[in-house]
Amino acid sequence: NVLILDFGSQYTQLIARRVRELNIYCEIHPYHNIPESLDPFKAVILSGSPFSVRGEDAPHPDLSQIRGKKPLLAVCYGAQYLAHFSGGSVEPSNIREYGRAKLSMIKAGEVFFKDIPENTNVWMSHSDTIAELPKNGVRLASTVDVLNAAYRIEGEETYAIQFHPEVYHTTHGKQLLENFLVNIAEVPQTWTPAAFVDTTVATLKEQIGDGKVVLGLSGGVDSTVAAILLNKAIGGNLYCIFVNNGLLRKNEFESVLHQYKDMGLNVKGVDASERFLEALRNESDPERKRKAIGNAFIEVFDDEAHQLTGVDWLGQGTIYPDVIESVSVNGPSVTIKSHHNVGGLPDFMKLKVVEPLRMLFKDEVRRVGKEMGIDAELLGRHPFPGPGLAIRILGDITAEKVRILQEVDAIFINGLKKWDLYDQVWQAGAILLPVNSVGVMGDERTYEKVVALRAVQSTDGMTADWVNLPYEFLQEVSNHIINRVKGVNRVVYDISSKPPATIEWE
Ligand code: XMP
């Protein structure tokens with residue numbers, strides 16, 4: 001187990017992912033909330049930060065319980081703070097160093113740089129520089145502009161680097177992390193999907209005992225993997241509810257429900273399409289649509305949960321990025337979870353919560369799913385928003401508009417699969433625009449709907465680029481849509497990136 005102390009860098013989660021790629025478990029904790037006992041941790045990593053060590057509000061935690069007592073790797077701001085904390089000095093550099101650099105000098109014979117050649121590329125992002133190493137500091141590497149690009153402290157397993165090993169542009173970043181964690185700190189590489197499944201199932205059995213769990217399935221990867229883990233642990237005491245809000249993809253409800261049953265899940269499909277349509281009637285504002293859908297879901301789920309007796313737990317597919325307490329750049333952030341109004345909550349929300357995936361990143365959820373034999377097609381699914389097609393039908397929602405968009409979307413998605421493009425795209429879908437356009441079909445003038453197609457590349461949905469789909473593909477899909485979907489006479493392709501656009505249109 002490795003502790004990552006977060007100073008607020010945008011790359012902290014990336015450090016954690018790289019560490020876990022080495023099959024080593026790690027946890028991110030904010031610098032102002034260091035775990036009381038460090039016994040479970042075999043090594044500590046200090047992250048980067050947008051702060052300057054010399055700034056007034058800069059994070060200055062007490063490292064005396066860590067330095068010299070645990071193997072320590074300090075990255076970027078961490079390296080500067082370690083120097084500052086240990087009697088070295090940090091000064092503003094004349095130029096802001098941002099981007100690629102080469103390690104022009106690497107000290108020979110250091111395990112830390114094992115299998116890493118001189119002139120390897122590293123990624124720099126800092127405006128201060130370490131002018132003086134701490135007492136007993138040994139310089140390990142330099143670039144042309146940065147004299148102290150890496151150092152260690154003699155007599156300790158304490159290492160520091162000014163560059164970022166976690167970003168892709170640092171060619172030997174993963175090797176460096178491996179050298180530190182495996183060769184120096186001797187952390188065992190036992191964090192594998194199989195080990196996770198074994199320990200999680202055992203823990204869930206212990207935690208839940210004979211209790212009953214209710215869980216809402218969405219058809220997405222997270223809720224499915226959470227359900228299969230719970231099913232392994234408690235079998236028939238897991239009650240799954242899969243709600244059709246009428247805003248899913250074409251045939252999705254039936255086919256996914258079928259898949260769930262094939263996986264041995266105890267699942268009840270609830271078709272509440274009418275109820276959702278009713279809740280959305282005449283609603284065109286995007287946020288109010290989301291609220292209406294959220295409320296309708298809670299009502300439907302609560303009705304269903306009430307029909308079960310003796311349920312103690314609510315299962316959820318929450319994953320690690322939603323759990324990590326973030327470090328705010330404007331000072332330590334405090335997450336307040338207030339359930340002041342417990343009396344007013346639906347009954348199922350008063351249940352104890354069990355979240356088997358709360359320490360996993362998305363790619364790990366997929367690996368765990370694969371380990372448990374979940375169908376590759378289900379695991380490789382594009383993300384799909386909770387409010388579904390409601391936020392892809394701009395303006396108000398009617399059953400007819402849903403039908404049109406389901407047809408269009410199905411042609412687009414099936415086309416992507418047929419052309420082997422589906423797995424190269426992070427997310428794709430169609431949007432029904434609230435305008436009519438003039439067209440001709442045969443001798444007749446038409447005045448019908450316009451649809452937009454959207455396909456993006458992304459890693460986490462925070463930023464996204466539109467995908468350069470082949471013209472021949474777009475041509476085929478456009479022809480199919482206009483010829484087969486009654487009510488649509490024009491297709492456009494969205495070529496906006498996020499930012500400044502967003503992935504969805506609403
Ligand atoms: P945007 O449009 O903000 O979308 O660039 C980023 C990602 O979030 C999804 N999304 C949602 N997911 N409920 C959800 O569960 C929502 O209200 C919602 N809005 C956007 C979107 O599909 C994309 O993956």
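Remember, it's a predicted structure, so these values are computed and weren't measured experimentally. (Residues numbered from 1 in each chain as written. Predicted model: local features only at pLDDT ≥ 70, side-chain atom pairs only at ≥ 80, totals over all residues. Heavy atoms only, no water.)

### Digging into the sheet that holds strand β8 (residues 137-142)
Where we set the bar: In this scheme, strands are said to pair when DSSP sees at least two bridges between them. For helices the rule is a DSSP run of H or I covering at least 4 residues; for strands it is a run of E covering at least 2, with both sets numbered from the N terminus onward. Should any heavy atoms of two residues lie within 4.5 Å, those residues are counted as being in contact. In this analysis, axes come from line fits to C-alpha atoms, helices being fitted only over the stretch in contact, and the angle between any two N-to-C directions falls in the range 0 to 180 degrees.
Taken in spatial order, the 8 strands of this open sheet run β2-β1-β3-β4-β10-β9-β8-β6, and their pairing is mixed. Because the sheet does not close on itself, it has two edges, and the strands there are β2 (26-30) and β6 (105-106). Where strand β9 (residues 150-153) lies against strand β10 (residues 158-161), 4 bridges are found, and the strand directions are antiparallel. If you follow Tyr151 over to β10, its bridge partner there is Ala160. Across the sheet, helix α2 (residues 77-85) lies against β3 (43-46), β4 (72-75), β9 and β10, angled at about 115 degrees from β4, the strand it touches most.

### Focus on the domain arrangement of the chain
This is how the line gets drawn: Domain segmentation is taken from an automatic or database assignment of domains. Throughout, the accessible surface (probe 1.4 Å) given up by two parts as they are put together, summed over both, is called the buried area. In the sections that follow, a salt bridge refers to a side-chain nitrogen of Lys or Arg positioned within 4 Å of a carboxyl oxygen of Asp or Glu.
With domains assigned, the chain is organised as domain 1 (2-184), domain 2 (193-379) and domain 3 (398-493). Taking only C-alpha atoms, the centre of domain 1 and the centre of domain 2 are 38 Å apart. Taken together, the contacts link 17 residues of domain 1 with 15 residues of domain 2. The largest share of the area that domain 1 buries against domain 2 comes from Gln13, Arg20 and His32, three residues that together contribute 35% of it. The tally of links between domain 1 and domain 2 comes to 1 salt bridge.

### Here we look at the sheet that holds strand β13 (residues 267-271)
Read from one edge of the open sheet, 5 strands run β13-β12-β11-β14-β15, paired in parallel fashion. Lying at the two open borders of the sheet, with one neighbouring strand each, are β13 and β15 (352-354). Recorded for the sheet is a direction-independent mean angle of 25 degrees between the axes of neighbouring strands. Relative to strand β14 (residues 313-315), strand β11 (residues 213-217) runs parallel, the two sharing 3 bridges. From the neighbouring strand, Leu215 faces β14, where its bridge partner is Gly315.

### Observations concerning the pairing of β10
For the record, the criterion: Working definition: with a 1.4 Å probe on protein chains only, accessible area under 20% of the residue-type maximum means buried, over 50% means exposed, and in between means partly exposed.
Residues Thr158 and Ala160 point to one face of β10 and Tyr159 and Ile161 to the other, with burial holding for every one of them. Examined bridge by bridge, β4 and β10 share 4 bridges and lie parallel to one another. What sits directly across from Ala74, in β10, is Ala160. Here β9 folds back onto β10 in antiparallel fashion, the turn holding 4 residues, of which Gly155 has a positive phi close to 85 degrees.

### Structural notes on the side chain of Ser142
Rules: Polar contact is the term for a pair of N or O atoms within 3.5 Å; when the atoms are in protein, one must be able to donate a hydrogen and the other to accept it, and sequence-neighboring residues count only if both atoms are side-chain atoms.
Take Ser142: it is sitting in strand β8. At a separation of 2.6 Å, a polar atom in the side chain of Ser142 contacts the main-chain carbonyl oxygen of Leu147.

### What to know about the site of the ligand
Selection criterion: If a single non-hydrogen atom of a residue is within 4 Å of a molecule or strand, that residue counts as near it. To measure how exposed things are, a 1.4 Å probe is used in the Shrake-Rupley method; for residues, cover is taken only from the protein chains shown. The residue classification treats Ala, Val, Leu, Ile, Met, Phe, Trp, Tyr, Cys and Pro as nonpolar and Asp, Glu, Lys and Arg as charged. All others, Gly included, are polar.
Inspection of the region around the ligand gives Arg290, Pro385, Gly386, Pro387, Ile391, Trp426, Gln427, Gly461, Lys498, Thr502, Ile503 and Glu504 as its neighbouring residues. In the model, an oxygen atom of the ligand is placed 2.9 Å from a nitrogen or oxygen of the Gly386 main chain. Within the contact set of the ligand, an oxygen atom lies 2.8 Å away from a side-chain nitrogen or oxygen of Gln427. The fraction of the free accessible surface of the ligand (500 Å²) that becomes covered by protein chains is 68%. Within the shell around the ligand, the residues separate by chemical class into 5 nonpolar, 4 polar and 3 charged.

### Side note on the environment of Arg484
In this structure, Arg484 sits in helix α12 (residues 471-484). Note on Arg484: relative accessible area 58%, which makes it exposed. Sequence separation of Arg484 and Leu416 is 68 residues, and the distance between their C-alpha atoms is 17 Å.

### Quick word on unusual backbone geometry
Geometrically, the link from Lys498 to Pro499 is a cis peptide bond, its omega value of -15 degrees lying close to zero. For Pro499, the position within the fold is in the segment after β19 (488-493). Residue Pro500 follows Pro499 across a cis peptide bond; omega there is 10 degrees. Within the element layout of this structure, Pro500 appears in the segment after β19. Located in the positive-phi region is Cys76, a residue other than glycine, with phi close to 55 degrees. The exposure class assigned to Cys76 is buried, which follows from its relative accessible area of 5%. With phi around 55 degrees, Glu186 is a residue other than glycine that occupies positive phi space. In this structure, Glu186 sits in the loop between α3 (173-184) and α4 (193-208). With a relative accessible area of 61%, Glu186 lands in the exposed category.

### A closer look at the nonpolar core
Buried together is how nonpolar side chains tend to be arranged in soluble globular proteins. The cut-off we apply is this: Here the nonpolar core consists of buried residues drawn from Ala, Val, Leu, Ile, Met, Phe, Trp, Tyr and Cys, with membership extended through side-chain atoms lying within 4.5 Å.
Counting 48 residues, the largest nonpolar core has Val408, Phe412, Leu416, Leu469 and Ile481 as the members making the most contacts within it. Elements represented by at least two residues in this core include exactly β12 (238-244), α7 (273-280), α8 (286-306), α11 (399-418), β16 (427-441), β17 (444-457), α12 and β19. Per-element tally for this core: the top contributor is α11, with 8 residues. Looking at which domains feed residues into this core, each of domain 2 (193-379) and domain 3 (398-493) supplies at least three. With residues up to four places along the chain from it excluded, the contact list for Val408 reads Ala430, Val451, Leu453, Ile481, Val485 and Val488. Among the nonpolar cores identified, the runner-up in size contains 42 residues, and Ile106, Leu140, Val146 and Phe180 belong to it.

### A word on the packing of α4 against helix α5 (residues 221-234)
For clarity, the threshold we go by: When an angle is under 35 degrees it counts as roughly parallel; over 145 it counts as roughly antiparallel; between 65 and 115 it counts as roughly perpendicular; any other value is oblique. For any pair of crossing helices, the crossing counts as left-handed if the nearer helix is rotated counterclockwise from the farther one by less than a right angle, and right-handed if it is rotated clockwise.
The geometry of α4 relative to α5 is characterised by a closest axis approach of 8 Å and an angle of 60 degrees between their N-to-C directions. In terms of orientation, α4 lies oblique with respect to α5. Helix-helix and strand crossings are classified by hand; for α4 and α5 the assignment is right-handed. Each of Phe196, Val197, Thr200, Val201, Leu204, Lys205 and Ile208 in α4 lies in contact with α5, whose residues at this interface are Leu229, Leu230, Lys232, Ala233 and Ile234. Looking at the contact of α4 with α5, its residues break down into 9 nonpolar, 1 polar and 2 charged.

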